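Observations on the three-dimensional arrangement
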Amino acid sequence: MENNKKKGLEIEFHMTGGTGKTSYAKNSSLQKKASDEAKHITLETVQELYKATSPKSLGLADLGCSSGPNTLSTIRDIIEAVEAVHRDTTSSQPSPEFCVFLNDLPRNDFNSIFKALPEFHRELKRDRNGGSPPVFIAAYPGSFYGRLFPDNTLHFVYSSYSLHWLSKVPPAIYDEQGKSMNKGCIYICSSSPEVVSKAYYDQFKEDFSLFLQCRSKELVSGGRMVLILLGREGPGHIDRGNSFFWELLSRTVADLVAPGETEEEKLDSYDVHFYAPTAAEIEGEVIKEGSFELDRLEMLEVDRQTGDNAIGYGKTVAKTVRAIQESMLSQHFGEEILDKLFESYGRLVDEEVAKEDIRPITLVVVLRKL
Ligand code: SAH
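Residues numbered from 1 in each chain as written. Predicted model: local features only at pLDDT ≥ 70, side-chain atom pairs only at ≥ 80, totals over all residues. Heavy atoms only, no water.

A short note on the packing of helix α8 (residues 242-257) against helix α11 (residues 313-333)
- Relative orientation of the contacting elements α8 and α11 amounts to 65 degrees, with a least axis distance of 12 Å. Crossing angle aside, the handedness with which α8 passes α11 is right-handed. From α8, F245, W246, L249 and V253 reach across to α11, where they touch Y313, V317, V321, Q325 and F333.
- Residue composition of the contact of α8 with α11, grouped by class: eight nonpolar, one polar and no charged. (Axes fitted to C-alpha atoms, helices over the stretch in contact; angles between N-to-C directions. Helix = DSSP H or I, 4+ residues; strand = E, 2+ residues; numbered from the N terminus. Left-handed = near helix turned anticlockwise from the far one by under 90°. Contact = heavy atoms within 4.5 Å. Nonpolar A, V, L, I, M, F, W, Y, C, P; charged D, E, K, R; others polar.)

Details of the state of the cysteines
- A full pass over the atoms with the stated rule returns one disulfide.
- Here C185 connects covalently by a disulfide to C189, the sulfurs 1.8 Å from one another. On the sign convention where negative means left-handed, the S-S torsion of about 65 degrees between C185 and C189 marks this disulfide as right-handed. There is no split in this pair, since C185 and C189 are both buried.
- Cysteine C65 shares no disulfide, and the gap to the nearest cysteine sulfur, in C99, comes to 16 Å.
- Note on C65: relative accessible area 5%, which makes it buried.
- For C99, a relative accessible area of 18% puts it in the buried group. (Disulfide = S-S within 2.5 Å. Buried < 20%, exposed > 50% of the residue type's maximum accessible area, 1.4 Å probe, protein only.)

A short note on the layout of surface pockets
- If you add up the space inside the second largest pocket, you get close to 350 Å³.
- Taken together, 14 residues make up the lining of the second largest pocket; nearest its centre are A318, K319, R322, F342 and E343.
- Among the elements of the structure, α11 and α12 (338-355) are those that each provide at least two residues to the lining of the second largest pocket.
- The element best represented in the lining of the second largest pocket is α12, accounting for six residues.
- A class-by-class count of the residues in the lining of the second largest pocket yields three nonpolar, three polar and eight charged. (1 Å grid on protein atoms, 1.4 Å probe; cavity = no way out; pocket = protein on both sides within 12 Å on 5 of 7 lines; lining within 4 Å. Points joined across faces, edges and corners; volume = space filled by probe spheres on them.)

Observations regarding the pairing of strand β3 (residues 135-141)
- Here strand β2 (residues 97-104) runs beside β3; their pairing, made up of seven bridges, is parallel. By the bridge assignment for β3, V100 is matched with I137.
- As for the winding sense of the linkage, the β-α-β connection from β2 through helix α6 (residues 110-127) to β3 is right-handed. (Pairing = 2+ DSSP bridges. Right-handed = clockwise from strand over helix to strand, strands pointing away.)

Considering the sheet that holds β2
- Taken together, seven strands build an open sheet; the order of strands is β3-β2-β1-β4-β5-β7-β6 and the sheet is mixed. Pairing within the sheet leaves two strands with one partner each, and these edge strands are β3 and β6 (292-301). Between one strand axis and the next, the sheet turns by 15 degrees as a mean value, whatever way the strands run.
- As paired strands, strand β1 (residues 57-63) and strand β4 (residues 154-160) are joined by three bridges and run parallel to one another. Each bridged residue has a counterpart across the sheet, and for A61 the counterpart in β4 is V157.
- The strands touched by helix α3 (residues 29-37) within the sheet are β4, β5 (219-231) and β6, with β6 carrying the most contacts at an inclination of about 125 degrees.

Focus on the site of the ligand
- The full set close to the ligand counts 19 residues, and Y24, G64, N70, D104 and S160 are the nearest of them.
- At 3.0 Å, a backbone N or O of F144 approaches a nitrogen atom of the ligand.
- At a separation of 2.8 Å, an oxygen atom of the ligand approaches a polar side-chain atom of S160.
- Here the ligand has 580 Å² of accessible area as a free molecule, and 97% of this is covered by the chains.
- Broken down by class, the residue content of the shell around the ligand amounts to nine nonpolar, nine polar and one charged. (Near = heavy atom within 4 Å. Polar contact = N/O pair within 3.5 Å; in protein donor to acceptor, adjacent residues only side chain to side chain. Areas by Shrake-Rupley, 256 points an atom, 1.4 Å probe, with all protein chains shown as cover.)

Digging into the packing of aromatic side chains
- This model, assessed by the stated rule, comprises 17 aromatic pairs.
- Ring centres of F101 and F149 lie 5.4 Å apart, and the angle between their planes is 40 degrees; on these two criteria the pair is classed as tilted. Of this pair, F101 sits in strand β2 while F149 sits in the loop between β3 and β4, and the two are 48 residues apart along the sequence.
- Judged by its relative accessible area of 14%, F101 falls in the buried class.
- Ring geometry for W246 versus F274: centroids 5.3 Å apart, planes at 65 degrees, classification edge-to-face. Of this pair, W246 sits in helix α8 while F274 is found in the loop between α9 (264-268) and α10 (279-289), placing the two residues 28 residues apart along the sequence. (Phe/Tyr/Trp six-rings, centres within 6.5 Å; stacked < 30°, edge-to-face > 60°.)

Some words on the nonpolar core
- Among the nonpolar cores identified, the biggest contains 111 residues, and Y187, Y200, F208, F211, M225, F342 and Y345 are the most heavily contacted of them.
- Element by element, the count of residues in this core is highest for α11, at nine residues.
- Once you skip the residues sitting within four places of it in the chain, F208 turns out to touch Y145, L163, L227, I282, E285 and V286. (Core = buried A, V, L, I, M, F, W, Y, C linked by side-chain atoms within 4.5 Å.)

In structure tokens:
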């Protein structure tokens, strides 16, 4: 993956912007369903935090916010949840103000979010008969694998479906000639040599630990984080979980090699900067880093029936993966293969699901800053 190494993901990686047919905004219903399933945990955590600290100005950050309906809907729910506690406990004092920091990589379509803000503020007012709390929203473009905010400015950090993205494809998967040792696969798969899964795990440890260190400076003591990310159930990587979706994508690309629509070498050199950790791997890093207490770690399995019923599960998955991967795939393989690739991919997902269920695992992690 010479490309990635040279230009850097901060320049290349982004969800498909805008609101068109292939945009992330129109193809993120699976993420929405899953974060909705975790919503009670998110809201309970923010309420506990508010009860414990009652700040006059509450700093909230959404890391990897992307653009589309998911971005502001969680913020709205968080504001409502805090207001409910305020009404029940400290209503003699003025309602808190909310400072909302939206973060994503610089290529994210922040403008789409900005355009949705007037309506967001109008709705907040309308739902409260004109008496909306002060809500200040700002964007903080940059990688969350580095400092984003000043010291002690955040009370609550939320991140949904973003932390399974690594800072880079692990450099240790390349040999001395710079060739990927993960031939024929785009993530850890059944034919990957052990050096590949070790390289991915090492990269996860380095990145997640850096993430914790950075956030520990930015969060006030007692501040909370709710991190929702894709993960896996047991120590092995080869299961019918999240890694299986990548395996199916590798197979679909391989099918395009024979008719000459792409080259084997291109498949060999394409690897994703993704990692699905286990609960134990996350816990291990939290303990090692030492700034946070692990309050809760739950595993969710999002029901397959939650796909878009009108188009079926395979197509829903294909559209979702396309909105996420298009920026990277089109640079590597060329845009012209994408329609065919994702059509076949959707079919293959349906075929496989008919044989045996695929069970993508989501982890929900609640951390408290010591
Ligand atoms: N939170 C949204 C979007 C999830 S998509 C939702 O639940 O629907 C994942 C997002 O994480 C993408 O927008 C991607 O650009 C962002 N992301 C990935 N790596 C990142 C990094 N290192 N720093 C900041 N954002 C990142």
